[in-house]
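These are the residues of each chain, in order.
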Amino acid sequence: MQYWLRRLFAVFLAISFLSSPVTAQERTAIKQGFELGANSNKKILVFRPSVRVGAQSTGGLFEPNAEWTEEAKKNIEQALSEKQAALGNQIIKAPEAYGADAQNLQEHMALFAAVSQSIIQYQFFVGNRLPTKKRDNKADVFEWSLGTGVANLPGASEADYGLFIYNKDAYGSTGRKLLQFAAAFGPGIGVKSGEHQGFAGLIDLKTGDLLWLNADGAMGGDVRKADGAQKRVRQLLEEFPGSDAEQAEVE
C-alpha cells in the first residue's frame, strides 16, 4: 500500500511540474506619445489599493476572507509607502473618502479593474484584439479611458495623474486542489488551483485616459505576509514611467 502511494505521489509531482506555467502572464503598455521623466514635478495622486483576498472553492468560486484581506491591505499599503520614493515626481496620498465620494471612488476602482481585464483579453493578446484596436495592425495603439469622471475623485483637483492599483488573490481550497489533482488524470481536462491577479495603472486626471498599465494574471508573493506584499508591489510597479531613469541616476 505504501509503495502504491509513493508511486501515485511521484506521478502527481511530475504532472504538476509539467503542467505548471513557465512564464507569467505579465504585460506592460504605455499610451503612444506619453512620457513622464523622473523628477518632472508632476503630481501623482496615489489611491488606496483595491485589495480582495479569499479562497477558491472546489467549483472555482471566490470566497472572500475578511481576515486575509485586512492583513493583505495593511501589508500592501506599507510596501507601497516604502516604494513611493522610488517612483520620482511628487507623490500625493489620496484623502480619505466618505459618503458619495467613497461610492464614486469604489465605482471607478471597479471600472479600472474591468477595463484592465478587457485590455488583457482584447489588447495584449493579438489573436483576441478588438477591431477598434487593430488600427494598421499595430500593437502599440493603446487607447483606453475611464472617462472624465475621474476629475471628481477626492484629491484629483490637486494632481496631474492618478495611480490605481487593483489586487485579487484566491488561494485554492483543499477541495480545489484535490479537484486539480483528479483532473490531471482526466482526458483533456485542466483545472487551475488559485488565482492571483494584479493591475497598476496611471490615469490622466483631466481626461481619464489610461496612460500606462502593468498587468499580470499570475502574480507572485503571498500578500498575507509582509515580504510577499513587497514582492507583489515591486511587480505591480515594474516599468513605472520615469522610475527607471531615477534608478539609473541613483546607481
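Our subject is the structure that appears above.
These lines cover the structure that appears in this document, whether it is placed above or below. (Residues numbered from 1 in each chain as written. Predicted model: local features only at pLDDT ≥ 70, side-chain atom pairs only at ≥ 80, totals over all residues. Heavy atoms only, no water.)

As for the overall build of the protein
And step 1. Each helix and strand in the protein was counted, giving 6 helices and 8 strands.
And step 2. For the protein, the succession of helices and strands along the chain, N to C, is α-β-β-β-β-α-β-α-β-α-β-β-α-α.
And step 3. In the protein, which comprises 251 residues, the share counted as buried stands at 40%.
And step 4. Surface summary for the protein: the accessible area is close to 13,800 Å², and the carbon and sulfur share equals 53%. (Helix = DSSP H or I, 4+ residues; strand = E, 2+ residues; numbered from the N terminus. Buried < 20%, exposed > 50% of the residue type's maximum accessible area, 1.4 Å probe, protein only. Areas by Shrake-Rupley, 256 points an atom, 1.4 Å probe, with all protein chains shown as cover.)

Some words on the pattern of salt bridges
And step 1. Under the counting rule described, the total for this entry stands at 6 salt bridges.
And step 2. Residues Arg 48 and Glu 96 are paired through a salt bridge, measuring 2.7 Å at the closest nitrogen-oxygen approach. Of this pair, Arg 48 sits in the loop between strand 2 (43–46) and strand 3 (50–56) while Glu 96 sits in the loop between strand 5 (90–93) and helix 3 (99–124); the two residues are 48 residues apart in sequence, bridging distant segments of the chain.
And step 3. A residue is classified by how much of its surface remains accessible, and Glu 96, at 47% relative accessible area, is partly exposed.
And step 4. Put simply, Lys 74 and Glu 71 hold a salt bridge, and the shortest N to O gap is 3.3 Å. Taken as a pair, Lys 74 and Glu 71 lie in helix 2 (residues 66–84) at a separation of 3 residues, close to a single helical turn.
And step 5. According to the relative accessible area criterion, Glu 71 is partly exposed, its value standing at 31%.
And step 6. One continuous salt-bridge network, built from bridges that share partners, spans Arg 48, Glu 77 and Glu 96. (Salt bridge = Lys/Arg side-chain N within 4 Å of Asp/Glu carboxyl O.)

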